[in-house]
There are 2 protein chains.
Amino acid sequence: MDKTTSPLDSLFNPRSIAIVGASANPDKQGHRYLKQLLDFGFKGKIYPVNPQGKEILGLEVYPSVSVIPEPVDYVISTIPAEHVPQLIQDCARNGVKVLQLYTAQLGETGIPERKQLEEHIASLARQVGIRLLGPNCMGVYRPETGLTFRFVSAKAKGDVAFVSQSAGHAAEVMYRGSLRGLNFSKVISYGNAVDINETELLDYLAQDTDTRIIIAYIEGVRSPDFPKVLKAVARRKPVIIFKVGRTEAGARAAASHTGSLAGSYAIWKGIMKQCRAITVESLEELMDTAIAFAKLPPPKGRNVGAIGSGGGGSILAGDEFELHGLRMPPMPQGVLDKVKTFLGDDWMMIKNPVDSSVVLPAGWGYEEIKRIFRIIAEHPLYQILLADAGEWRPDASFEVSDYQSLVGLFLEVRKVTEKPMAIVLRPADHAEEWKWRGFMEQQQRCVREGAAIFPSVACAARALGKFVNYHLG
Amino acid sequence: MDKTTSPLDSLFNPRSIAIVGASANPDKQGHRYLKQLLDFGFKGKIYPVNPQGKEILGLEVYPSVSVIPEPVDYVISTIPAEHVPQLIQDCARNGVKVLQLYTAQLGETGIPERKQLEEHIASLARQVGIRLLGPNCMGVYRPETGLTFRFVSAKAKGDVAFVSQSAGHAAEVMYRGSLRGLNFSKVISYGNAVDINETELLDYLAQDTDTRIIIAYIEGVRSPDFPKVLKAVARRKPVIIFKVGRTEAGARAAASHTGSLAGSYAIWKGIMKQCRAITVESLEELMDTAIAFAKLPPPKGRNVGAIGSGGGGSILAGDEFELHGLRMPPMPQGVLDKVKTFLGDDWMMIKNPVDSSVVLPAGWGYEEIKRIFRIIAEHPLYQILLADAGEWRPDASFEVSDYQSLVGLFLEVRKVTEKPMAIVLRPADHAEEWKWRGFMEQQQRCVREGAAIFPSVACAARALGKFVNYHLG
């Protein structure tokens, strides 16, 4: 894509950023933006702006955008809304391309005069040809150029773009996602969307060569072109959307958060289906589904071959995968015959999923489970692999080294197969440090190797179901 | 209840236990049972049984149950199935009341001769008047008498009983539940249920004065009396059931786990509804719902007043609670008027949920949030309280002390209200130790105070929905 052709280029690739409302007080957002960009290593120039002048964090402070000696691509405003009209004039004098309003207390308050002020701001910006992001938004995260709106931001660049009307949800998905190896090309918190909206962002990302998958959190759609654009975008890339305001209370909250009209959820689902976009119904599902698309090769069929743990867990796996449109057929004779060569009569204990909690106490080791899993991975009956480490209950009878062995064999088989493999690891929220550490180390090992990890079999099944349906219809 | 009237009394209150297959090898289950009972402080006598005699863990080993000088109430068998018929004769000679078969590889294998052996075992036991638990089960956990089948078992006694056909699921709910303060009166892993089954256990627990709430995990019902008994039990106590085998693959796995016939799930749900039992569809939901029932006073209405975090989070809360049959009405004038007295014009930012991520940056502190929450808690419009700590993203702008303050004020308001309050804390699976510790400490603080904690707003809404529907119909 020729990025010079899009007016949004200044949003994602600014040569310079001014922070209006910059402050020496570390509790102020005008300080945080500055420090976050410096810490994260923003590659362009940074101009703090504050009428009091002086210096903040070693940078010269300008009293106004209009006196900055060079043109500024991207301005972030943290000042009260009533000063924004003046700011727009200053920006116009400088030649600013995009103005992002962290500034809030506008349309989302529901108060008529604040709504009018928001409209006034939008119309002023239009008149002088400055694009607006927000108001009431955090802005852009793009690791490649050192853009961020958070102190704890992953440096790793991914190929997932996240368009989020909520900054809190953007941050939650970035933070929790990074623990699971979900990395981003771009994240945009776009708030009230009086100018740049979900539709323009989707359209831009469809053409963005750094973005392979688009995920979105939407409270209310702003553009009447949304269905048409979404349809075109979803033809090029998977688009996974979590839409809220499904109920009266939710819709009321959406109105007071970003001034959004949530609309009918039934109509929404119809549009999503027509456009072949992927609907999810929670942030957790948004992350899980994004991980499936980001980490796994396209599936060639619906049959899941699995290593599980516990008889109860096996039943759960069967139920959950079938409920989400996949199949978990019994082990074929071809697999059992091969297993028989080293397991002898104990081949009889091999089901789908293979229950490691039965095989291990029978006197077999992780080496045999690995051999069995490789045989399953190689068998043409199965096109998808599931490896569930089970409920890890650190215990005198189960050492951290067991957990390491189990996860280790999953990763070894993963290396020699081209089939998509979901690994299920329960969350590391143990009460003792050694347990937490033992678990977290294995989780991070999976993340380093690029594996797709899920917190439960149910989460894996739900995400894989959508992933497989997308690819196989 | 007069416990002497029930044949199951020996299962829960044995004066003595014999472990057949006791071993000096710590990897053997026959060693683990022994050590677990000793470590957990079982109050009765323990007799290891092994033909080789000698001593294990300081206890004299008997070559056979028949030569133990006193009658044994409860025998645990870890020996291979083919030796069980002889064991039953030995038990009969001793006067044993209950025989629990950890012993497996019977009906659940699907192999005709193993099924026949299982039937033979059941019939022998019937002939000599010995009750059987299992086969293919872990047995009983009862902290009051020091009974357990796990190394890591909570000592704390609760009033929830768990009837679980799967030992793995029993252990998972016990372990994960204990991290959230869910404690048990009794947990029974009952496996293939050739004799003692779900129905007899439910009936027993209905009359058990130590048990206020019954939860169950069932693969297939064994007794034709189940609906009738369940109906009677559910009239006395809340009964929450997770039934698997909802699909073909799940039903196949259920057959090979405990030899269960899963039956039609639609018929199952009909029975559950008729009996006024509570249906849940995952282990997580089973835990969440049990926590609501175990920790919260009965609700007096469906209106939720909430402290939340983030605009996106507020919409989620509105959606999730309404989808589960509760309501989240806007703040009434009575609340706003009181808030106005100390928040001035900023009363306008007070919605339901109150968004702490808006109130705090506006210059207000945790003290004001606490005052607001108290006003909400006191207002008659709201009968249920939700306190969501939000997504905790440890960050230069958010210290552990902030999190402490937030959770602290939730707990303070909780102390002065009689309304049920759900506290939402995200899982502590952070990658750095200080984050994990900071979070886990607050979680444990909530557990110590007896609060009902949930890992997400969606989980809280789902569990509270069932809790409120149970009480208000």
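The rules behind these values
Every residue gets a number counted from 1 within its own chain, in the order that chain's sequence is written. As a convention, the first chain written is A and the first ligand written is 1, with the rest following in written order. Totals for whole chains, interfaces and linings use every residue, but because this is a predicted model, local features are given only for residues with pLDDT of at least 70 and side-chain atom pairs only at 80 or more, for both listing and counting. The side-chain values count all of the structure's non-hydrogen atoms but skip hydrogen atoms and water molecules. For the purposes of this entry, the term helix denotes a DSSP run of H or I that reaches at least four residues, the term strand denotes a run of E that reaches at least two, and both are numbered from the N terminus. Computation of the radius of gyration draws on C-alpha atoms alone. For the globule rule, the value is 2.2 Å times the number of residues to the power 0.38. Contacts were defined at the residue level, with two residues in contact if any of their heavy atoms lie within 4.5 Å. Methods summary: accessible areas were calculated by the Shrake-Rupley approach with a probe of 1.4 Å, and residue burial reflects only the protein chains presented. The charged-residue count follows a simple rule in which Lys and Arg add positive charge and Asp and Glu add negative charge, with His and chain termini not counted at all. To locate a charge, take atom NZ for lysine, CZ for arginine, CG for aspartate or CD for glutamate. Of the grid points, spaced at 1 Å and generated over the protein atoms alone, those admitting a 1.4 Å probe that cannot get out make up cavities, while open sets with protein on both sides within 12 Å along at least five of seven lines make up pockets; any residue with an atom within 4 Å of a point is treated as lining. Grid points are joined across faces, edges and corners, and a volume is the space filled by probe spheres set on the points. Amino acids are sorted into nonpolar (Ala, Val, Leu, Ile, Met, Phe, Trp, Tyr, Cys and Pro), charged (Asp, Glu, Lys and Arg) and polar (every other residue, Gly among them). Throughout, nonpolar core names a set of buried Ala, Val, Leu, Ile, Met, Phe, Trp, Tyr and Cys residues whose side chains join them through atoms within 4.5 Å. When accessible area is computed with a 1.4 Å probe and restricted to protein chains, residues below 20% of their type maximum are described as buried, those above 50% as exposed, and intermediate ones as partly exposed. For two strands to be treated as a pair, DSSP must find no fewer than two bridges joining them. A crossover counts as right-handed when, viewed with the strands pointing away from the observer, the path leading from the first strand over the helix to the second turns clockwise. Residues below a pLDDT of 70 in either copy are left out; the C-alpha atoms of the rest, at least 70 in both, set the least-squares superposition of the copies. In summary, the pairing rule links any two rings of Phe, Tyr or Trp, Trp by its six-membered ring, whose centres are within 6.5 Å, and it sorts them by plane angle into stacked for under 30 degrees, edge-to-face for over 60 and tilted for everything else.

*Asks:* Looking at this structure, I do not really get the overall build of chain A. What am I missing?
*Replies:* Looking only at helices and strands, one finds 17 helices and 18 strands in chain A. In terms of C-alpha radius of gyration, chain A reaches 26 Å, essentially the compact-globule figure of 23 Å for 473 residues. Here the contacts in chain A between residues at least 6 apart in sequence split such that 75% fall between residues at least 24 apart. For chain A, the accessible surface area stands at approximately 17100 Å², while carbon and sulfur atoms represent 51% of it. Across chain A, 55 positive and 52 negative side-chain charges occur, with their mean positions spaced 4 Å apart.

*Asks:* Looking at this structure, I do not really get empty space enclosed by the protein. What am I missing?
*Replies:* To locate leftover empty space, one rolls a probe as large as a water molecule over the atoms. As enumerated under the stated definition, the model contains three cavities of 30 Å³ or more in all. In this model, the largest cavity occupies a volume close to 130 Å³. Residue lining of the largest cavity: 13 residues in total, with Glu284(A), Leu316(B), Ser456(B), Val457(B) and Ala458(B) positioned closest to the centre. At the level of elements, α5 (167-179) and α10 (283-295) of chain A together with α11 (311-323) and α17 (457-472) of chain B are the ones that each hand at least two residues to the lining of the largest cavity. With three residues, α11(B) is the largest single contributor of residues to the lining of the largest cavity. Taken together, the residues that form the lining of the largest cavity break down as four nonpolar, four polar and five charged.

*Asks:* Explanation requested: the nonpolar core in the structure shown.
*Replies:* Soluble globular proteins tend to bury their nonpolar side chains together. Core analysis: the largest hydrophobic core is formed by 100 residues, its most contacted members being Leu11(B), Phe184(B), Ile215(B) and Leu386(B). Once you skip the residues sitting within four places of it in the chain, Leu11(B) turns out to touch Tyr74(B), Val98(B), Leu133(B), Val140(B), Leu147(B), Ile196(B) and Leu201(B).

*Asks:* What am I meant to see in the pairing of strand β2 (residues 45-49) of chain B here?
*Replies:* Regular strands place side chains that alternate from one sheet face to the opposite one. Residue and element names in this part refer to chain B. Within β2, four of the five residues are buried, which leaves the element mostly enclosed by the surrounding structure. Pairing between strand β1 (residues 16-20) and β2: five bridges, direction parallel. Each bridged residue has a counterpart across the sheet, and for Ser 16 the counterpart in β2 is Lys 45. Once the chain exits β1 it traverses helix α2 (residues 29-40) before rejoining the sheet at β2, and the crossover so formed is right-handed.

*Asks:* Would you mind going over the relation of the copies chain A and chain B with me for this structure?
*Replies:* Both copies of the chain are related through a single rotation about an axis accompanied by a shift along the same axis. Each copy superposes on the other: chain A lies on chain B with an RMSD of 0.0 Å after a rotation of 180° and an axial shift of 0.0 Å. Between the two chains, the operation in question is that of a two-fold axis. Within chain A, Asp429(A) has its C-alpha nearest the rotation axis, a separation of 2.4 Å. With an isologous cut-off of 70% or more, the 100% of interface residues of chain A that recur at the interface of chain B puts this contact in the isologous class.

*Asks:* Quick question: what am I supposed to make of the packing of aromatic side chains here?
*Replies:* Any pair of aromatic rings gets described here by the distance separating the centres and the angle formed by the planes. Residue and element names in this part refer to chain A. Within this structure, the stated rule accounts for 23 aromatic pairs over all chains. Both rings, one in Phe 40 and one in Tyr 141, keep their centres 6.0 Å apart while their planes meet at 40°; by these two values the pair is tilted. Placement of the pair is Phe 40 in helix α2 (residues 29-40) and Tyr 141 in strand β8 (residues 139-141), with a sequence separation of 101 residues. Comparing Phe 40 with Tyr 141, the two get one shared label, buried. Each residue in the set Phe 293, Phe 467 and Tyr 470 is aromatic and connected to the rest through ring pairs, giving one cluster.

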